[in-house]
Amino acid sequence: ERQTATAKPDARELVIPVRDPNPKLPVVALLKPGVAKAVSGEDFAVQARVAAPSGVKWIRLRYRHLNQTEDYKTADMTLNPVNPRTGLYSASIPGSFITQQWDLMYYVELVDGHGNGRIYPDLEVETPYIVVGVQR
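Here the structure is a predicted model, which is why all the values come from computation and not from measurement.

Conventions and cut-offs
- Residues numbered from 1 in each chain as written.
- Predicted model: local features only at pLDDT ≥ 70, side-chain atom pairs only at ≥ 80, totals over all residues.
- Heavy atoms only, no water.
- Core = buried A, V, L, I, M, F, W, Y, C linked by side-chain atoms within 4.5 Å.
- Buried < 20%, exposed > 50% of the residue type's maximum accessible area, 1.4 Å probe, protein only.
- Helix = DSSP H or I, 4+ residues; strand = E, 2+ residues; numbered from the N terminus.
- Contact = heavy atoms within 4.5 Å.
- Phe/Tyr/Trp six-rings, centres within 6.5 Å; stacked < 30°, edge-to-face > 60°.
- Lys NZ or Arg CZ within 6 Å of the ring centre and 35° of its normal.
- pLDDT = per-residue confidence, 0-100.
- Salt bridge = Lys/Arg side-chain N within 4 Å of Asp/Glu carboxyl O.

## Re the nonpolar core
Line of reasoning, step 1. Judged by nonpolar contacts, the single largest core of 24 residues is most densely connected at Phe44, Leu61, Met77, Ile93, Leu104 and Tyr106.
Line of reasoning, step 2. Residue assignment for this core shows that the elements contributing at least two residues are β2 (44-51), β3 (56-65), β6 (88-93) and β7 (104-112).
Line of reasoning, step 3. Those residues in contact with Leu61 that sit more than four places away from it in its chain are Val46, Lys73, Thr74, Ala75, Met77, Ala91, Ser92, Ile93, Tyr106, Tyr107 and Val108.

As structure tokens, this is what we get:
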């Protein structure tokens, strides 16, 4: 069918860029929070140290309650403005979102300067999210 297919008159040719077969992917280390549990009404900080040879296009914190009926919320992570060379990014789960009814879960997603996307924790290595208990 492909051989007999004809393009629409307004179709444009699309060139797909060649991707590096062995890209130097970013490495992300999620830092353990300073507190063992989240507290209802208090922001919960998440930090990640990033080493990305091609730079970071964007990095986001994705979080939700430990409730599979919910969609994830998103917070853009920001690079440490005092010393950007540390590669330390941070974002917070708002205290207004944290309730005693549900524990929290989160992960970080990142796209580097070459368009390579990754999530951390890495699904190929471990459970692809972190669960944080809420103090009750």
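Right, picking up where we left off after that structure.
## Let's talk about the packing of aromatic side chains
Line of reasoning, step 1. Enumeration according to the criterion identifies 3 aromatic pairs in this entry.
Line of reasoning, step 2. Ring geometry for Phe44 against Tyr106: centres 6.4 Å apart, planes inclined by 55°, an arrangement best described as tilted. Placement of the pair is Phe44 in strand β2 and Tyr106 in strand β7, with a sequence separation of 62 residues. An identical accessibility class is assigned to Phe44 and Tyr106; each is buried.
Line of reasoning, step 3. Look at Tyr72 and Tyr107: their rings are 5.1 Å apart centre to centre, the planes differ by 75°, and that puts the pair in the edge-to-face class. Pair noted here: Tyr72 is in the loop between β3 and β4 (73-76) and Tyr107 is in strand β7, with a separation of 35 residues, a long-range link.
Line of reasoning, step 4. Given a relative accessible area of 12%, Tyr107 falls into the buried group.
Line of reasoning, step 5. Over the face of the ring belonging to Trp58 we find Arg60, whose NZ or CZ atom lies 3.6 Å from the ring centre.

## A few points about the confidence of the model for the chain
Line of reasoning, step 1. Counting all residues, the mean pLDDT for the chain is 92, and 99% of those residues have values of 70 or more.
Line of reasoning, step 2. Taken element by element, the predicted model of the chain shows its lowest mean pLDDT in strand β1 (residues 27-31) (91) and its highest in β4 (98).

## Notes on the pattern of salt bridges
Line of reasoning, step 1. Inspection of every chain in the model, using the stated rule, returns 5 salt bridges.
Line of reasoning, step 2. Glu109 is the partner of Arg60 in a salt bridge, and the nearest nitrogen-oxygen pair spans 4.0 Å. Pair noted here: Arg60 is in strand β3 and Glu109 is in strand β7, with a separation of 49 residues, a long-range link.
Line of reasoning, step 3. Judged by relative accessible area, which is 26%, Arg60 ranks as partly exposed.

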